[in-house]
Amino acid sequence: MTRIKAHSLTGRIDLRSLWESFLCVRRNRGAAGIDRVSIQLYGGQLLQNLAALQRRLKDGTYQSLPLRRVHIPKGNTGETRPLGIPAVADRVAQEMVRRLLNPLFEGIFHDDSFGFRPFRGCHMAVRRVLELKRRGYQHVLDADIKGFFNNIPRHVIMNGVSELVADGNILYLVEQFLRAGVNEDGVFSSTDLGTPQSAHRQ
């Protein structure tokens, strides 16, 4: 089936949308990124910061900062998992792009997909499992692909996005997010595979 691609998403990046994106970032809270600019500090000059971000997002000069890499405990196992913390400005930019892309991809997601989707959650997933059980299904497959987000090939992500997006600037922004790299204890590492934020979004 031929899909119609979106060509003019950049034009929708305006101050109101960026303001709403900032509010979402503020609700999610989270620590400062590598630039040490907190959400409160960024919000102290919000209009100026959003106006500057809007210009960079629209004129092709936007550059993602490396993510600040920390390690957080993984349950009670004694193991840790890496967590990449983007700068606040980058989180606002990512939320802005997410808002532009989300309506395009919602239409092609599987109806039984419940994770990280609007108006869906674990309770709906449980109800769906109970419904399938009532229909006679008796087996459950529980699988976890270790390090999936760390290792998914970059071209797979970009090819998937470009299937629905023809706006070159938006594709550039997505690539910027993916190629931001990480900084851990003052040492920069490029991210040639996967997503630098790893398995957790801050």
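Quick summary incoming for the structure in this document. Owing to the predicted nature of the structure, the values given are computational and were not obtained by experimental measurement. (Residues numbered from 1 in each chain as written. Predicted model: local features only at pLDDT ≥ 70, side-chain atom pairs only at ≥ 80, totals over all residues. Heavy atoms only, no water.)

Let us look at the overall build of the protein chain. Of the regular secondary structure elements, the protein chain holds eight helices and four strands. What you see in the protein chain, going N to C, is helices and strands ordered as α-α-α-β-β-α-α-α-α-α-β-β. Here the C-alpha coordinates of the protein chain stretch approximately 60 × 50 × 30 Å along the principal axes. For the protein chain, buried positions account for 36% of its 202 residues. Intrachain contacts of the protein chain at a sequence separation of at least 6 include 69% that bridge at least 24 residues. For the protein chain, the exposed surface amounts to about 13,000 Å²; the carbon and sulfur share of it is 55%. (Helix = DSSP H or I, 4+ residues; strand = E, 2+ residues; numbered from the N terminus. Buried < 20%, exposed > 50% of the residue type's maximum accessible area, 1.4 Å probe, protein only. Contact = heavy atoms within 4.5 Å. Areas by Shrake-Rupley, 256 points an atom, 1.4 Å probe, with all protein chains shown as cover.)

Time to look at the packing of helix H1 (residues 15-28) against helix H4 (residues 88-106). Where H1 meets H4, the closest approach of the two axes is 8 Å, and the angle between their N-to-C directions is 115 degrees. One way to sum up the angle between H1 and H4 is to call them roughly perpendicular. Note that H1 runs across H4; the crossing there is right-handed. In this structure, H1 contributes Ser17, Leu18, Glu20, Ser21, Phe22, Cys24 and Val25 to the contact, and H4 contributes Arg91, Val92, Glu95, Met96 and Arg99. Of the residues contributing to the contact of H1 with H4, the split by class is six nonpolar, two polar and four charged. (Axes fitted to C-alpha atoms, helices over the stretch in contact; angles between N-to-C directions. Parallel < 35°, antiparallel > 145°, perpendicular 65-115°, else oblique. Left-handed = near helix turned anticlockwise from the far one by under 90°. Nonpolar A, V, L, I, M, F, W, Y, C, P; charged D, E, K, R; others polar.)

Another aspect to go through is the packing of aromatic side chains. Counted according to the given criterion, the structure contains two aromatic pairs. A centroid spacing of 6.0 Å and a plane angle of 80 degrees characterise the contact between Tyr62 and Phe177, whose relative ring orientation is edge-to-face. Pair noted here: Tyr62 is in the loop between helix H3 (46-59) and strand S1 (67-73) and Phe177 is in helix H8 (residues 168-178), with a separation of 115 residues, a long-range link. Assigned by exposure class, Tyr62 and Phe177 land together as buried. (Phe/Tyr/Trp six-rings, centres within 6.5 Å; stacked < 30°, edge-to-face > 60°.)

Judged by nonpolar contacts, the single largest core of 35 residues is most densely connected at Tyr42, Val92, Leu101 and Ile170. Elements that contribute at least two residues to this core include exactly H1, helix H2 (39-44), H3, H4, helix H7 (154-162) and H8. With nine residues, H4 is the single largest residue contributor to this core. Every residue in contact with Leu101, bar those within four places of it in the chain, is listed here: Leu9, Val161, Val165, Ile170 and Val174. (Core = buried A, V, L, I, M, F, W, Y, C linked by side-chain atoms within 4.5 Å.)

A separate point is the pattern of salt bridges. Tallied over the full model, the rule gives ten salt bridges. In this structure, Asp112 and Arg128 form a salt bridge, with 2.8 Å as the shortest nitrogen-oxygen distance. Of the two residues, Asp112 is situated in the loop between H4 and helix H5 (122-134) and Arg128 in helix H5; the sequence distance between them amounts to 16 residues. A salt bridge links Glu175 to Arg179; its shortest N-O distance comes to 2.8 Å. Here the residues in one salt-bridge network are Arg16, Glu20, Glu95, Arg98 and Arg99, joined through shared partners. (Salt bridge = Lys/Arg side-chain N within 4 Å of Asp/Glu carboxyl O.)

Read these as spatial facts, not as claims about activity.
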